[in-house]
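Structural overview
Residues per chain are reported as follows:
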Amino acid sequence: MGAEADATWIKTRDGTESGSGNFNAVLRDYGRLGILLANDGSAGDRQIVPKDYLLDATDWHRQPDAFTPSKATPYFGYGYQFWLFPGEKRRFALLGVYGQSIFVDPELKLVLVITAVARNASVGKGPFARERDALWRGIVGQYGSW
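As the structure is a prediction and not an experimental result, all values here were calculated from the model.

Considering the environment of Ala118
Relative to the helices and strands, Ala118 is located in the loop between strand 9 (110-114) and helix 3 (127-143). It is 5.0 Å that separates the C-alpha atoms of Ala118 and Tyr98, two residues lying 20 residues apart in sequence. Not counting the four nearest positions on each side in its chain, Ala118 is found in contact with Tyr98, Val123 and Phe128.

Following this line, the structure appears as structure tokens:
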């Protein structure tokens, strides 16, 4: 994907990588990851991440009923570490601890990276989550319909 810097992924004592978090990269590389996802895993003419995998992971229509928006959580759906927005358009986010986020709209080729930090690890229904969602909806509204 043309990363600028090496990322870090903290491992357990036995060297196992944990999928629940502890991944760090520079801001521009988070943006590059978002662009890669917005292009369904393609960087130029190279398919870096299998497109079918990303469609399975990021389209709530492909999820079991229990993982669809408003059922997986009161708002988001869920697929393979991606949080899926409600609505007919495929929009999704990677939501990190303390609120770091990558929001993606593949149709609009729109990516928003947030590296601000909330007071608590789980932003849940707090003001940070509401403000982050309002920002995303406002930006998407400028370029397309919600």
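Thoughts on the side chain of Asp133
One can find Asp133 in helix 3. Among the residues examined, Asp133 registers a relative accessible area of 19% and is labelled buried. If near-sequence neighbours (up to four positions away) are discounted, Asp133 is found in contact with Tyr75 and Phe85.

Looking at the packing of aromatic side chains
What the rule picks out here adds up to 11 aromatic pairs. Ring centres 5.1 Å apart and planes at 65° place the aromatic pair Phe76 and Phe85 in the edge-to-face group. Given the relative accessible area of 14%, Phe76 is considered buried. Counting every residue linked through ring pairs, the aromatic cluster contains Phe67, Tyr75, Phe76, Tyr78, Trp83, Phe85, Phe103 and Trp136.

Here we look at the nonpolar core
Counting residues in each nonpolar core, the largest one holds 13 residues, and the members touching the most others are Phe85, Phe103, Leu112, Ile114, Val123, Phe128 and Trp136. Among the elements of the structure, strand 9 and helix 3 are those that each provide at least two residues to this core. When residues of this core are assigned to their parent elements, the largest contribution, four residues, is made by helix 3. Ignoring anything within four residues of it in the chain, the contact list for Trp136 reads Phe85, Arg91, Phe103, Val104, Asp105, Leu110, Leu112 and Trp146. Judged by nonpolar contacts, the second largest core, of 10 residues, contains Ala38, Leu54, Ala57 and Leu84.

Some thoughts on the pattern of salt bridges
Close approach of charged atoms lets side chains of opposite charge pair. Within the structure shown, the criterion is met by nine salt bridges. Across the salt bridge formed by Arg62 and Asp56, the nearest N and O atoms sit 2.8 Å from each other. Arg62 sits in the partly exposed class, given a relative accessible area of 43%. Since its relative accessible area comes to 29%, Asp56 is described here as partly exposed. The partner of Asp133 in a salt bridge is Arg137, with the nearest N and O atoms 3.0 Å apart.

Considerations on the layout of surface pockets
In this structure, the largest pocket occupies an estimated 1700 Å³ of space. Those elements that place two or more of their residues in the lining of the largest pocket are strand 2 (23-24), helix 1 (27-38), helix 2 (51-58), strand 6 (82-84), strand 7 (92-95), strand 8 (101-105) and helix 3. The dominant element in the lining of the largest pocket, judged by the number of residues it contributes, is helix 1, at five residues.

Conventions we followed
- Residues numbered from 1 in each chain as written.
- Predicted model: local features only at pLDDT ≥ 70, side-chain atom pairs only at ≥ 80, totals over all residues.
- Heavy atoms only, no water.
- Helix = DSSP H or I, 4+ residues; strand = E, 2+ residues; numbered from the N terminus.
- Contact = heavy atoms within 4.5 Å.
- Buried < 20%, exposed > 50% of the residue type's maximum accessible area, 1.4 Å probe, protein only.
- Phe/Tyr/Trp six-rings, centres within 6.5 Å; stacked < 30°, edge-to-face > 60°.
- Core = buried A, V, L, I, M, F, W, Y, C linked by side-chain atoms within 4.5 Å.
- Salt bridge = Lys/Arg side-chain N within 4 Å of Asp/Glu carboxyl O.
- 1 Å grid on protein atoms, 1.4 Å probe; cavity = no way out; pocket = protein on both sides within 12 Å on 5 of 7 lines; lining within 4 Å.
- Points joined across faces, edges and corners; volume = space filled by probe spheres on them.

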